[in-house]
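Given next are the chains, with one letter for each unit.
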Amino acid sequence: MDRREFLTAGVGATLAGSTVSSATSLTAAAAVAKNSRTSTPEILTAYTAKDHRLRLENIAICERGIRKCMRKHLITNYMPGHCAYNLGEYPCLEPWDPDDWDEQELDKLRSHGIGLIHLHEEWNDSQRFFGGHKFAPLNPAGFRRFIDMAHKRGMKVEVYFSTGYFDWRDPDFSRQWARQGDLNRLYFRYAHCSPASPGWRAYLLPRICRVMDEYGIDGFYNDLGYTNIASNPAPPAKDEVLAFKESTTHDGAMGDLLALIYAEVKRRGGTVKIHAGAGSRPQVDMKVYDYLWVGETVKSADSLREATKNHPPYVVPCLDMARGARIENEDELYLHSIPYMQFPLLLAGRPFTGQRSVIPGIEYLPAAYLDHCRAAWKHYQANPDGPHCYAWWDSVPGRTKARSTHAYWLKQYLPMVEEGTWAWLEISNSSLFLKPLPQG
């Protein structure tokens, strides 16, 4: 593959690698500290006149030498070390309860360079099995303890919610909020609530604010339950008010709802990550997220790169190993993403055992995810010491080199994306290279 051959040729093949060097370098641990809740970047607080001069001179070299590229971007407020942390199983026989094991795991992740912990849907009690609900922790005391653990280490915590998905069996759900068409998998039956529904907004928004205020989380991962209104063939929901222009290239109501949520999270100093599906993003012209998670159902790193390489920053790729994605080796994930200012998601925390697929009394749906979770459970019972998988979308069995490879490449990447760095993506015409770039 040309990409591998080019990168393995070393920095001697280019002038950019040595000329546009950073004025300072960061270790992974220092980068986490710099991205803590109260930090201010060195470029604003500690750069000397000499540092600023060197930075501007380096930028000038690139501005003169790069004649054509896909786009360029000034890197600000970027924390690339993200980890989807599995707290435990859900549904479960008893709620997860963080303890000393999690303390040690968080220490390892901090040393690894992780600054943002992402908790998926097991954080809440979406099916009300233990007296909770979708906007409350499965174990409130344990949840507070985990957040405190992360915050003591300078790490941020974001939790799953959705501006679209809500179980139609929930006693709070109203069919008037949703168009036809549900997402039915494993144990849940999720309706697609409309972003244009006043009733759904009135229910959703106060609960989002309450979670932030009550538990001190640092933001959300929003699984949009995305459907473009203009291309949705189902009749409008009874509660919809179509106030905005909607088209296949513009999400009016969705953009409005996401912008309101984004503003409220930023007011509290938090972050927003969203997922629209596969390699897509919502069609909006406003700032509505800090990070875009991509990769669900995608089986090829090549296709994911092509679909997302020019998305607005910052993109967090995660190939869906549960749906058959395959890689030649762990390095491949980084050779596809780093040149486009993307960095993959790490999967860690408690082992994903798959026990959630065999809990007595749960009505399961026959689907690919059920088979995958039960394969994980079978593997875990036969191999309790690993190799483990760590998420719904991880492979079974787990990939033994996934974590060490992520740590290696993150340490290479962090100095490349310091605050104030300019990135030129997909350079096609410049005087910086000693010889013409290979085709493609």
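Data block above holds the structure.
Cut-off values and rules
- Residues numbered from 1 in each chain as written.
- Predicted model: local features only at pLDDT ≥ 70, side-chain atom pairs only at ≥ 80, totals over all residues.
- Heavy atoms only, no water.
- Helix = DSSP H or I, 4+ residues; strand = E, 2+ residues; numbered from the N terminus.
- Rg over C-alpha atoms; globule rule 2.2 N^0.38 Å.
- Buried < 20%, exposed > 50% of the residue type's maximum accessible area, 1.4 Å probe, protein only.
- Contact = heavy atoms within 4.5 Å.
- Areas by Shrake-Rupley, 256 points an atom, 1.4 Å probe, with all protein chains shown as cover.
- Lys, Arg positive; Asp, Glu negative; His and termini not counted.
- Charge placed at Lys NZ, Arg CZ, Asp CG, Glu CD.
- Pairing = 2+ DSSP bridges.
- Salt bridge = Lys/Arg side-chain N within 4 Å of Asp/Glu carboxyl O.
- Axes fitted to C-alpha atoms, helices over the stretch in contact; angles between N-to-C directions.
- Expected span 1.5 Å × (residues − 1).
- Right-handed = clockwise from strand over helix to strand, strands pointing away.
- Core = buried A, V, L, I, M, F, W, Y, C linked by side-chain atoms within 4.5 Å.

Colleague: How should the overall build of the chain be read in this particular structure?
Modeller: The secondary structure content of the chain amounts to 13 helices and 13 strands. Here the C-alpha atoms of the chain give a radius of gyration of 22 Å, agreeing with the 22 Å that 2.2 N^0.38 yields for 440 residues. By its C-alpha atoms, the chain is 65 × 55 × 45 Å across when sized along the principal axes. In the chain, buried positions account for 54% of the 440 residues. Contacts in the chain between residues at least 24 apart in sequence constitute 75% of all its contacts with a sequence separation of at least 6. With an accessible surface of roughly 19,500 Å², the chain has 53% of that area assigned to carbon and sulfur atoms. Distance between charge centres in the chain, computed from 51 positive and 51 negative side chains, equals 4 Å.

Colleague: How should I be thinking about the pairing of strand 12 (residues 346–349) in this particular structure?
Modeller: Regular strands show a simple pattern: their side chains alternate between the two faces of the sheet. The two faces of strand 12 match: Leu346 and Ala348 on one face and Leu347 and Gly349 on the other face are all buried. Pairing of strand 2 (residues 82–86) with strand 12 involves 4 bridges; the strand directions are parallel. Paired with Ala84 across the bridge in strand 12 is Leu347.

Colleague: Would you take a moment to explain the pattern of salt bridges for this structure?
Modeller: A side chain with one charge may pair with a side chain of the opposite charge, provided their charged atoms come close. What the rule picks out here adds up to 31 salt bridges. The salt bridge involving Glu89 is made with Arg356; its shortest N-O contact spans 2.9 Å. Remark: Arg356 occurs in the loop between strand 12 and helix 12 (368–382) and Glu89 occurs in the loop between strand 2 and helix 6 (100–112); sequence separation between them is 267 residues. A salt bridge links Arg145 to Asp97; its shortest N-O distance comes to 2.3 Å. One end of the pair, Arg145, is in helix 7 (residues 140–152); the other, Asp97, is in the loop between strand 2 and helix 6, and 48 residues separate them in sequence.

Colleague: Would you mind showing me how to read the sheet that holds strand 6 (residues 178–185) here?
Modeller: Strands pair in a sheet through their backbones, by hydrogen bonds, and they do so in one of two ways: parallel or antiparallel. An order of 5-7-6 is seen for the 3 strands of this open sheet, with the pairing classed as antiparallel. Two strands bound the open sheet, and with one partner strand each, they are strand 5 (165–167) and strand 6. Averaged over all pairs of adjacent strands, the angle between strand axes in this sheet comes to 40°, irrespective of strand direction. Across 3 bridges, strand 5 lies against strand 7 (residues 188–193) in antiparallel orientation. In the strand pairing of strand 7, Tyr165 is matched with His192.

Colleague: Looking at this structure, how should I read helix 9 (residues 252–267)?
Modeller: Since one α-helical turn is 3.6 residues long, residues separated by three or four positions face the same way. An ideal rise of 1.5 Å per residue puts 22 Å on 16 residues; helix 9 measures up with 23 Å between its terminal C-alpha atoms. Of all the positions in helix 9, only Gly252, Ala253, Met254, Gly255, Leu257, Leu258, Ala259, Ile261, Tyr262, Glu264 and Val265 are classed as buried. In the core, the buried residues of helix 9 are packed alongside strand 4 (156–161), helix 8 (198–215), strand 8 (219–223) and strand 9 (271–275). Of the residues one or two after helix 9, Gly269 is the one with positive phi, at around 75°.

Colleague: Mind showing me how you'd approach the pairing of strand 2 here?
Modeller: In terms of burial, strand 2 is a largely internal element, 5 of the 5 residues being buried. Side chains His82, Ala84 and Asn86 project from strand 2 onto one buried face, and the interleaved Cys83 and Tyr85 project onto a second face that is buried too. Sheet analysis places strand 2 next to strand 3 (residues 116–119), joined by 4 bridges and oriented parallel. Paired with His82 across the strands is Leu116, a residue of strand 3. Note on the crossover from strand 2 through helix 6 to strand 3: the handedness is right-handed.

Colleague: Honestly, the nonpolar core in this entry has me stumped. Any pointers?
Modeller: Nonpolar side chains in soluble globular proteins generally cluster together in the buried interior. Among the nonpolar cores identified, the biggest contains 109 residues, and Leu109, Ile117 and Leu119 are the most heavily contacted of them. Once you skip the residues sitting within four places of it in the chain, Leu109 turns out to touch Cys83, Tyr85, Ile114, Ile117, Met155, Leu346, Ala348 and Arg403. Formed by 7 residues, the second largest nonpolar core is a distinct cluster that contains Ile66, Ile427, Leu432 and Phe433.

Colleague: Any chance you could explain the environment of Cys193 here in plain terms?
Modeller: Tracing the chain through its elements places Cys193 in strand 7. By relative accessible area, Cys193 is classed as buried at 4%. Contacts of Cys193, omitting those with residues within four sequence positions, involve Thr163, Gly164, Phe166, Phe173, Trp177, Ala178 and Trp200.

Colleague: What should I look at first to understand the environment of Val272 in this one?
Modeller: Topologically, Val272 is positioned in strand 9. Judged by relative accessible area, which is 4%, Val272 ranks as buried. Between the alpha carbons of Val272 and Leu258 there is a distance of 9.8 Å; along the sequence they are 14 residues apart.

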